[in-house]
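# Tertiary structure, described
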Number of protein chains: 4
Amino acid sequence: MASSLGVLFRVATWGESHGGGVGVVVDGCPPRLPISLEGIQFELDRRRPGQSSLVTQRKESDHVEILSGVQDGLALGTPIAMLVRNEDARSRDYDEMREKFRPSHADFAYDEKYGIRAWSGGGRASARETIGRVAAGAIAKQVLRCFGVEVLAWVDQIQHLQASVNSDTVSLAQIEATPVRCPDPAMAEQMIAHIEAIRKAGNSVGGVVSCVARGVPAGWGEPVFDKLEADLGKAVLSLPACKGFEVGSGFAGTLLTGLEHNDAYRADEQGGVFTPTNRSGGIQGGISNGMPILLRAAFKPTATVMHEQDTVTTKHENTTLQGRGRHDACVLPRAVPMVEAMVALVLADHALRQAALRSVNVDGIQC
Amino acid sequence: MASSLGVLFRVATWGESHGGGVGVVVDGCPPRLPISLEGIQFELDRRRPGQSSLVTQRKESDHVEILSGVQDGLALGTPIAMLVRNEDARSRDYDEMREKFRPSHADFAYDEKYGIRAWSGGGRASARETIGRVAAGAIAKQVLRCFGVEVLAWVDQIQHLQASVNSDTVSLAQIEATPVRCPDPAMAEQMIAHIEAIRKAGNSVGGVVSCVARGVPAGWGEPVFDKLEADLGKAVLSLPACKGFEVGSGFAGTLLTGLEHNDAYRADEQGGVFTPTNRSGGIQGGISNGMPILLRAAFKPTATVMHEQDTVTTKHENTTLQGRGRHDACVLPRAVPMVEAMVALVLADHALRQAALRSVNVDGIQC
Amino acid sequence: MASSLGVLFRVATWGESHGGGVGVVVDGCPPRLPISLEGIQFELDRRRPGQSSLVTQRKESDHVEILSGVQDGLALGTPIAMLVRNEDARSRDYDEMREKFRPSHADFAYDEKYGIRAWSGGGRASARETIGRVAAGAIAKQVLRCFGVEVLAWVDQIQHLQASVNSDTVSLAQIEATPVRCPDPAMAEQMIAHIEAIRKAGNSVGGVVSCVARGVPAGWGEPVFDKLEADLGKAVLSLPACKGFEVGSGFAGTLLTGLEHNDAYRADEQGGVFTPTNRSGGIQGGISNGMPILLRAAFKPTATVMHEQDTVTTKHENTTLQGRGRHDACVLPRAVPMVEAMVALVLADHALRQAALRSVNVDGIQC
Amino acid sequence: MASSLGVLFRVATWGESHGGGVGVVVDGCPPRLPISLEGIQFELDRRRPGQSSLVTQRKESDHVEILSGVQDGLALGTPIAMLVRNEDARSRDYDEMREKFRPSHADFAYDEKYGIRAWSGGGRASARETIGRVAAGAIAKQVLRCFGVEVLAWVDQIQHLQASVNSDTVSLAQIEATPVRCPDPAMAEQMIAHIEAIRKAGNSVGGVVSCVARGVPAGWGEPVFDKLEADLGKAVLSLPACKGFEVGSGFAGTLLTGLEHNDAYRADEQGGVFTPTNRSGGIQGGISNGMPILLRAAFKPTATVMHEQDTVTTKHENTTLQGRGRHDACVLPRAVPMVEAMVALVLADHALRQAALRSVNVDGIQC
């Protein structure tokens, strides 16, 4: 199913930007897991437009309704359906888009694929589609709490501005301390100023979101196509505007030799094993090794800019289009909860898959 | 299924490095597609150990046998099973690995995951697993020929050595001209010398493989989780040693502003649409836009080095391990056909998915 | 995903009987297919409680809202989400069920599976779950119209009362002519009288629904696990209270010899092929052969009866339970649109799968 | 994937009757499960042609080779690939089938589906395809032993000859006591005589296989589309020649009223729950209830008969075809291990799915 993800902990999203609403179905949630509406709303508020002057001013309260699968605050084990109604859909802002393709947006590709397009508000290519992901991700985070796993993402780079963050100690409070969600306070200030300036210039910028998953035990993941880094990569690359993904040393690791790059194993005093370095990013051969999982995601600058640009009409004639409407000059602050959600969804799924694999007591069985 | 990939054009691999053999089942191949044993063997020979002094000297002829699904050179539409026997498995080279985990290899993670491990030859984490992928990829390439699509990959960077290649014109002959599979002749020479020197030093290096898919029509891909870049990313990141993936402008694109980054649309004289720039890498909103698909994959330096390294025993005691055995000082030349295969598998699957979506004539149907 | 069905035309339902509502997501609908809210509501009204004195008197208008995937009456090709709110949920009728398991209901099994149970209204085991199936089935029927396929089901047997119906000519109007949905008018009258008598006695009865799919071309289905009869069987057996399924000659066919049972092929005057008999039920080796597809489904008598029965408490102590509440004395009339929906869902999926398989032009391709 | 089955314990078969061989890949086997080549061969020998005068005399030793996934008799947790070579393929017996469709065989449907057909030996529609199922089923049975579950099937009816068997006590030894695999000795004798007579007359017969799964705990299965009876039905109906499936009371249950049909719950002395009757067949609402699972499968008479029959040529002209070759006059004795295998595959998959669902300790987790 094109709009679903996961094997055991499985999500399916639906909804267009200007239709009746957007939503998600979460299937495979462990029964009796505590489900908190407030916890889900907290994550949605981190993703919400209008939360600060840095992001789009579209007014959406994004109140979520749980339609099924929960009774008295506990998961029933059946599908959890969640719905967020669309409110501030100004279709008239999009009238021109009916006839013209916005450059570097998905309009043209959708038209070619489907022969029809929800031209208003970007349809399903709108960032509103990620509401379902973030709501589902909040439940995935709750599953991960059962395993002692915490997932945190932050803005690591805005255009040329690079933060310095310790992934072993970074906290949610530090990330949420500024609207740009960069836990390096000095750099956060510069980033905010830069995004404001870019916004005033009608331009846009991109950057890099970093993410750590702490507490993942060794053994999650699969050895071949569903390698943990492959599933994480797919999930993160499926976010709007994401153009790159790396785990551990990533592209920078290609500049090292094997002797420099390898992570030695060492025994700790409790009989456990660790690697003093973590260039593997917590994954080896597709399977977690017990070290923190580290990954980075590149987001291109927002395609909508407040300038006139060359484009074509839906009849394939050259024209120009003047950007207007309410848009993010930089998606990175809102991408932080999205990256966390996608990473949590993948980890929750693999947590259950590994639990299944080892749940059978094969000892004492005779052939 | 942990070891399978794809929705309509679907592959499943099996096999350990030192077991009875390795293989693949390809399900969903269009019936009556010409299947050439020579074409499959050609790709396997590009992946084969011992093909040049640059790569591991393990002696494997890697002759493939087609066990099913083909009759008189034509696909039957039923599963195509292919088998390659293991020949030169020197398990004694691995005796020490029975008791010690090789640093930055998958040994430790497998042990934690399964509680058992094919310690000899790396088991399923061996590069031999990719034989099935490359064999299946040869069939996927044949499917893509029906659509006029060509997939080519090449070595773009070895450690600090960066090639200069025109993705619009690069050819298979240029890629195959040198054993390092870098179509920039001057840089290829430097790369070969560098790999030889690194090999003699018992060390290893990584680098970047670039790939282009030319001729992909607009409309392939899906808008949400199965975005084309997401599925390509997953497939490529599932290759051994791959730590990073980017499409189009990738990480470098985060340094541009939106005005600099956007790809303007222009009409061509045949009523078509193109973008003079291609920072999108041929994909917008998860769907191909008719431009060449461009991607890059980062491979870490080979984990096996001919030096003594710190590690732990299977009983979690500190020890050291002296690297030995036959290994690639650099996997990049052999990774080229692997990247092509993974890209071809994903594109063939999405080609069929799009064909299905638009195969139904909905015009003239009444509600 | 436990609550989804299909490969290309894919549905996922959600919702409990007494929660916020029930719904369905339909993914993979061909873009630009006309979608009629009235057409969907028509099918839901055939399934609705309170439609006649024969069925449960729970008052639910079952008005469906389309939340996404449709624009100006045409499918966008993206997921179509549909929602029906629950209205007349009398949880107090179920208070006793909180502590006691209803015999031959799913209460006990749910409790054992999940360790938690939506005790009110039967939760997800309620027939309300089938609303999503029927709504999705209405869209599947629309897809099938593109292929000239019509799916019709009817009540063929109520307990010992067996109708006589010609599957080649039976029409929707004949089926809908009576509230029992048996197109044999004389037998329909007897069935209605029998159900009324059974209902007055506080008892219940089951029976058999027959179904024909006319116009299915040869070639739909798959040869091994996803045989057409296997997927149809699974879909129909997944309906509440269904205990048996047969295709073509079914169980009765086991009484014939091969010479008696075989369907001879004959050429027709247009160069086509048909079988004068149709004991195969339109499917051979898992693949449709162009003849009408014929199947039958056995539904057990409704488990809820208005009598005191032996059962146990949730603490596993013996007790008795007096049946009460509003229930169907016979589910068969309402099962008719459900069977049609399930058959339509499977056929629409296989229609798209076969379209994909043969959509690639393999001729002229060289190895 | 058309040729695969299962979610966590997953099998994919491949192979044509007269190609290089047939095989199966089993993915998701719990690691360290003891795997016995002899145990697998035992099941294959029960399925093998030539095992008695009752079945086809094609000479195949059906020796299985395990190619991967097993080390020193223990499962590695990676895919287990198994191969059986074809030996006694007399393609010349099939020369006429190249031009003519055998009545009630899959030849015509395959031709229409694929536009190409492995005309020799029935290709993938041959009963040889079930070798992979039976081999995989042997491993599934081993998984089920970890849960204390035993699966037994037997011939319950041959044409009009109906056996009397106690499903609570029937044993493998009783089933294997006669070549017809009917554990009712008197009836077995009659059945053997009847099949011999039918074979001599060049005719064929069908019948019913019954199956019991004893020891299945309550809680296996899913509540909606993947109901346990639905998945069992699909698996069994996917066997060649199977035309009907019923669970528990099945079609006969439609003749009872609800008061007669309901299974009362009773507490046993160990705090457990049972039902003195078992018309539910061990499944309620798609989920096992701890009672033995009971099902029946109808197999049509073999299509190949040694008589001249009406048919058409591949050019759609009327002709006749004289049956010849080596075939089963009755498939039922060989269908017994096939039914057991399919039931075991489904139960092993659901065992792992339920283990996953309940493997997470959700207690003590805070929202």
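Before going into details, it helps to say that this report is about the structure given with it. Throughout this description, residue numbers start from 1 for each chain and increase along the sequence as written. As a convention, the first chain written is A and the first ligand written is 1, with the rest following in written order. Predicted model: local features are reported for residues with pLDDT of at least 70 only, side-chain atom pairs are reported and counted for 80 or more only, and whole-chain, interface and lining totals are derived from all residues. Each side-chain value is worked out from all heavy atoms of the structure, with water and hydrogens disregarded.

### Quick word on the overall build of chain A
The test is simple: For the purposes of this entry, the term helix denotes a DSSP run of H or I that reaches at least four residues, the term strand denotes a run of E that reaches at least two, and both are numbered from the N terminus. In this treatment the radius of gyration is a C-alpha quantity, and the globule benchmark scales as 2.2 Å times the residue count to the 0.38 power. Relative accessible area decides the class of each residue, using a 1.4 Å probe on protein chains only: under 20% of the type maximum gives buried, over 50% gives exposed, and in between gives partly exposed.
The helix and strand inventory of chain A stands at eight helices and 18 strands. Taking 367 residues into account, the globule formula puts the C-alpha radius of gyration at 21 Å, and chain A, at 22 Å, falls close to it. Taken along its principal axes, the extent of the C-alpha atoms in chain A is 70 × 50 × 40 Å. The burial tally for chain A puts 69% of its 367 residues in the buried class.

### Let's talk about the side chain of Asp184(D)
Residues and elements named next belong to chain D. So the rule is basically this: Positive charges come from Lys and Arg, negative ones from Asp and Glu, while His and the chain ends are left out of the count. The salt bridge criterion pairs a side-chain nitrogen of Lys or Arg with a carboxyl oxygen of Asp or Glu, the two atoms within 4 Å. Polar contact is defined as a pair of N or O atoms within 3.5 Å, subject to the rule that within protein one atom must be able to donate a hydrogen and the other to accept it, and that residues adjacent in sequence are counted only when both atoms are side-chain atoms. Two residues form a contact once any of their heavy atoms are found within 4.5 Å.
Note on placement: aspartate 184 falls in the loop between α4 (172-176) and α5 (185-200). Among buried Asp, Glu, Lys and Arg side chains, aspartate 184 stands out as unpaired, with arginine 296 the closest opposite charge at 12 Å. Of the polar contacts made by the side chain of aspartate 184, one reaches the backbone nitrogen of serine 164; its length is 2.9 Å. Non-local contacts of aspartate 184, meaning those with residues more than four positions away in its chain, are made with Ala163, Ser164 and Val165.

### What about the pattern of salt bridges?
Between side chains of opposite charge, a pair can form when the charged atoms approach closely. All names here are of chain A. All told, the structure shown has 117 salt bridges over all chains when counted by the stated rule. Here aspartate 45 makes a salt bridge to arginine 48, at a shortest N to O gap of 3.6 Å. Given a relative accessible area of 24%, arginine 48 falls into the partly exposed group. For glutamate 196, the salt bridge identified is with arginine 199, shortest N-O distance 2.8 Å. Residue glutamate 196 and its partner arginine 199 are both found in helix α5 (residues 185-200); the two are separated by three residues, about one turn of the helix. Judged by relative accessible area, glutamate 196 falls into the buried class, the value being 17%.

### Describing the interface of chain B and chain A
Note the threshold: Take the accessible area each of two parts loses on contact, using a 1.4 Å probe, and add the two losses: that sum is the buried area.
Counting residues at the interface gives 107 residues for chain B, matched by 107 residues for chain A. Carbon and sulfur atoms supply 59% of the area buried between chain B and chain A, which totals about 8400 Å² over both sides. For chain B, the biggest contributors to the area lost against chain A are Lys113(B), Phe225(B) and Lys243(B); these three give 11% of the whole. Along the contact surface separating chain B from chain A lie seven salt bridges. Note that Lys113(B) and Glu222(A) form a salt bridge whose closest N and O atoms lie 4.0 Å from each other. One can count 47 residue pairs in polar contact (both at pLDDT 80 or more) joining chain B with chain A.

### Section: unusual backbone geometry
Its identity as a non-glycine residue notwithstanding, Asp72(C) has a phi of 50°, on the positive side. Take Asp72(C): it is sitting in the loop between β5 (70-71) and β6 (74-75). With a relative accessible area of 70%, Asp72(C) lands in the exposed category. Unlike most non-glycine residues, Asp62(D) shows phi in positive territory, near 55°.

### Remarks on the relation of the copies chain D and chain C
Our working rule: Residues below a pLDDT of 70 in either copy are left out; the C-alpha atoms of the rest, at least 70 in both, set the least-squares superposition of the copies.
Screw-axis analysis of chain D against chain C gives a translation of 0.0 Å along the axis, an RMSD of 0.0 Å, and a rotation angle of 180°. These values place the two chain copies in the arrangement generated by a two-fold rotation axis. Mapped onto chain C, 100% of the interface residues of chain D again fall at the interface, so both copies present the same surface.

### Some points on the pairing of strand β16 (residues 293-299) of chain C
Residue and element names in this part refer to chain C. Going by this rule: If DSSP finds at least two bridges between two strands, the strands pair.
Among the seven residues in β16, five count as buried, and that is most of the element. Sheet topology note: the strand β10 (residues 207-214)/β16 ladder contains seven bridges and is antiparallel. Bridge pairing in β16 links cysteine 211 to leucine 295. In this sheet, β16 lies alongside strand β11 (residues 242-247) in antiparallel orientation, the contact comprising five bridges. Looking at β16, one finds that glycine 244 is bridged to alanine 298.

### Focus on the sheet that holds strand β10 (residues 207-214) of chain D
As a reminder of what qualifies: Note on geometry: axes are lines fitted to C-alpha atoms, helical ones only across the stretch in contact, with angles between N-to-C directions running from 0 to 180 degrees.
Strands sit in the order β9(C)-β8(C)-β10(C)-β16(C)-β11(C)-β11(D)-β16(D)-β10(D)-β8(D)-β9(D) across an open sheet of 10 strands; the sheet is antiparallel. Since the sheet does not close on itself, it has two edges, and those belong to β9 (161-162) of chain C together with β9 (161-162) of chain D, each with one partner. Here strand β8 (residues 150-158) of chain D pairs with β9(D) via two bridges, running antiparallel. Following the sheet pairing, Gln157(D) is matched in β9(D) by Gln162(D). Set on the sheet, helix α6 (residues 228-237) of chain D makes contact with β11 of chain C together with β11 (242-247) and β16 (293-299) of chain D; between it and β11(D) the angle comes to about 155°. Helix-sheet contacts for helix α8 (residues 332-357) of chain D involve β8, β10 and β16 of chain D, and the interaxial angle to β8(D) is about 145°.

### Quick look at the relation of the copies chain B and chain A
When chain B is fitted to chain A, the residual RMSD is 0.0 Å, and the transformation amounts to a turn of 180° plus an axial shift of 0.0 Å. By residue overlap, the copies meet face to face through one surface: 100% of the interface positions of chain B are interface positions in chain A.

### Some details on the sheet that holds strand β2 (residues 10-15) of chain D
Residue and element names in this part refer to chain D. Spatially, five strands are ordered β1-β2-β3-β7-β4 in an open sheet, and the strand pairing comes out antiparallel. Here the strands that pair on one side only, and so sit at the sheet edges, are β1 (4-5) and β4 (64-66). Alignment of strand β3 (residues 21-27) against strand β7 (residues 80-85), held across six bridges, turns out to be antiparallel. Its bridge partner being in β7, valine 25 is matched across the sheet by alanine 81. Packed on one face of the sheet, helix α3 (residues 130-145) meets β2, β3 and β7 and runs near 35° to β3.

### Digging into the packing of helix α1 (residues 37-47) of chain C against helix α3 (residues 130-146) of chain C
All names here are of chain C. Defined as follows: An angle counts as roughly parallel when it lies under 35 degrees, as roughly antiparallel when it exceeds 145, as roughly perpendicular when it falls between 65 and 115, and as oblique in every other case. Each crossing gets its handedness from the near helix: less than a right angle anticlockwise from the far helix is left-handed, clockwise is right-handed. Under the scheme applied here, ten amino acids are nonpolar (Ala, Val, Leu, Ile, Met, Phe, Trp, Tyr, Cys and Pro), four are charged (Asp, Glu, Lys and Arg), and all others, including Gly, are polar.
At their nearest, the axes of α1 and α3 sit 9 Å apart, and the two run at 140° to each other. Of the possible angle classes, the one that applies to α1 and α3 is oblique. For the crossing formed where α1 meets α3, the hand is right-handed. Contacts between α1 and α3 involve Gly39, Ile40, Glu43, Leu44, Arg46 and Arg47 from the former and Thr130, Ile131, Val134, Ala135, Ala138, Ile139 and Lys141 from the latter. Of the residues that constitute the contact of α1 with α3, the class distribution is seven nonpolar, two polar and four charged.

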